[in-house]
Every structure is written in structure tokens, then in C-alpha cells.
Amino acid sequence: MSVQAQPQDAASWTELARRVEAAGYEALLAADHPGAVASPFVALAAAASVTTRLELGSYVSHAGIREPLLLASDVATLDVVSAGRARLALGAGHTPAEWAMTGGRRPDVAGRVRRFTAVAEACRDLLAGATVTLTGPDVHAHQATLTAPRPVRQPVPFTFGGGNSTLLRWAGRHADVVGLSGLGRTLPDGYNHDVRWRRAEIDRQVELVGQGAVGRSSAPALEALVQVVEVTDDAGAAAQRLAGELGTTAEEILAVPYVWLGTVEEIAAALEGHRRRWGITRYVVRAPHLDAADRVLAHLTATA
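So, a few notes on the structure that sits alongside this text. (Residues numbered from 1 in each chain as written. Predicted model: local features only at pLDDT ≥ 70, side-chain atom pairs only at ≥ 80, totals over all residues. Heavy atoms only, no water.)

## Structural notes on the sheet that holds strand 4 (residues 61-62)
Logical step 1: Across the sheet, which stays open at both edges, the nine strands sit in the order 3-2-1-15-12-9-8-5-4 with parallel pairing between neighbours. Each edge of the open sheet is held by one strand with a lone partner, namely strand 3 (55-58) and strand 4.
Logical step 2: Note: strand 4 against strand 5 (residues 88-91), two bridges, orientation parallel. In the sheet register, His62 faces strand 5, and the bridge partner there is Gly91.
Logical step 3: Where helix 10 (residues 264-278) meets the sheet, it contacts strand 12 (221-226) and strand 15 (280-286), and its direction lies at approximately 130° from that of strand 15. (Pairing = 2+ DSSP bridges. Helix = DSSP H or I, 4+ residues; strand = E, 2+ residues; numbered from the N terminus. Contact = heavy atoms within 4.5 Å. Axes fitted to C-alpha atoms, helices over the stretch in contact; angles between N-to-C directions.)

## Some remarks on the pattern of salt bridges
Logical step 1: On inspection of all chains with the given rule, the structure shows 17 salt bridges.
Logical step 2: Between Arg115 and Glu67 there is a salt bridge, with the nearest N and O atoms lying 3.1 Å from each other. Residue Arg115 is located in helix 5 (residues 109-128), and its partner Glu67 is located in the loop between strand 4 and helix 3 (68-81); the two are separated by 48 residues in the primary sequence.
Logical step 3: Classification of Glu67 by relative accessible area gives partly exposed; the value is 35%.
Logical step 4: In this structure, a network of salt bridges that share partners links the residues Glu26, Glu55, Arg87, Arg153, Glu223 and Arg282. (Salt bridge = Lys/Arg side-chain N within 4 Å of Asp/Glu carboxyl O. Buried < 20%, exposed > 50% of the residue type's maximum accessible area, 1.4 Å probe, protein only.)

Written out as C-alpha cells, the structure is:
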């Protein structure tokens, strides 16, 4: 289980990093939305300085606006200063404002897929020590080489985050972890989303990952981004409330991995159900829900 958070000030950020490590979480992750949140790699380097075990990574970086050599250098530097605890995580990008603010325009879906695959493959090659030349049309590089710093860990673990069908198959072939968010179409504000919190939608995404993984010795791990954690004695009422807000049913809310509702025992049972149905074995919870997630993690640890 990992935690996604953002720094507000130095003291609370380093305190959070220590707390997350002490509680037994696997990783501390930071969103990557330039202009709207803190730089993930600067923040995570600070977290590295006060932890010894916790893995660290963006969740996830925007392949549409990140250049391969610069991104690979950031990840490698984080890996060096953390003594081998960095992760590489990428998505195709969904926020139109980020393209505009960096001097571009959001491509169509096919263009975003092409750029993602080019950036992801180039970053992984650079971190592995290869020289990369890309001639476009979606991204360019000429004999790019990450001479220094070299990452401590080889290979640097790679997470794909997103829901595009083509990229889910690609991730099945290439990723170490596939992060499922339950997020759908980007809304007009450019940041928020519709949600895809239905079992059939998860069934299809997991099927696509499996198609891509055919022939691999081991399929990528499946991870879910948890949007809501509420420890309560009345899961049904909480689910009914959320269902009304999201236009779905309480039954679906209680079944999907993006929402944890109920007693810690009920939540633990639901997680086991996610493992059996979809093979989901990893979760990312957000910092506002950390108190409730702590209780769930403590229960899972005690009963393991």
C-alpha cells in the first residue's frame, strides 16, 4: 500500500514521510501537474532525506509534456539521493491546460498514445544506459544519453497509469505495475473527471492488460488508486450517499477497488474480493484519507 500526497510546507512534509514509513506503507508518491502542484521530484528528494526504506515516485508524470532525457535525469537523480528507491511512473496526460501552458496543444487520442509510447520507451532505455535518437513526429531526441547520474537500481520499476485501451495492452507487455484509477472522460475544467466505477469497466481493463501480457513470464502487478476511505459501521448508507453523487448504485460502489467503505474487517474482506476477481494486489491511498487507511493497514498487517 502506498500514499499519494503533496507538500504544503517543509515541516509537515517531512513529518508525513516519516509517518508513512513508520506505519509500514511501501511508497510515498506525488502527483505531477506543473503549475498546479509542487514539483514531485524536488518534494520526493526531501522525503528521501528523512527516510531509509520508503520508495518514492511521481504518480504519474505527464508524458505529453515531459521530455525523455529531462524526466529520466529527474528519476535517476531521485534514485541516487534515495539510495535506490525511485520509481518511474507515466501516463498519457489528460489536462489540456498543461499542454497550453508549456506551449503546445493537446493532441488527439492517437497522438497522445504515440507520444506516450515514445516517451516511456525512451525514458526506460535512457535509465538502462542506452543512447536514444527519436525523429518524431511526436517527440525528438538526438543521441540522448544519461551519462550521469546513473540510477542505483536496475531496472528502475515502471508504472503505467491510465485507462486507454491501446496503452493498457502496451502496459501489459512492458510495465511492472499498471495503475487503475477509475477515472474517465476529462471534464471541462481540464482537471476533474467522470468516474468509471463499475465492475464491468474494470473487468475490461484487466482483460486488456492480460492480452498484452500474453507471452510474458509474469504479468504486471495491478494497482488501484483509492479515491475514498471511510471506516464506518454503516457501509450501506455511505455507499448510497456516494452512489447518488456519482450516478451509480450502492452495490457498485461497495464492489469497486476505488472506494473503501465499512469496518476495517469489511474493507479487508473487500480487498480480498478485488484480489480474487481482478488480481489487484496493490493500492494507493491519498493523504486526506490517511487516518482511516492507517487503521486498515494495521489490520491487514496484524492478520497477515
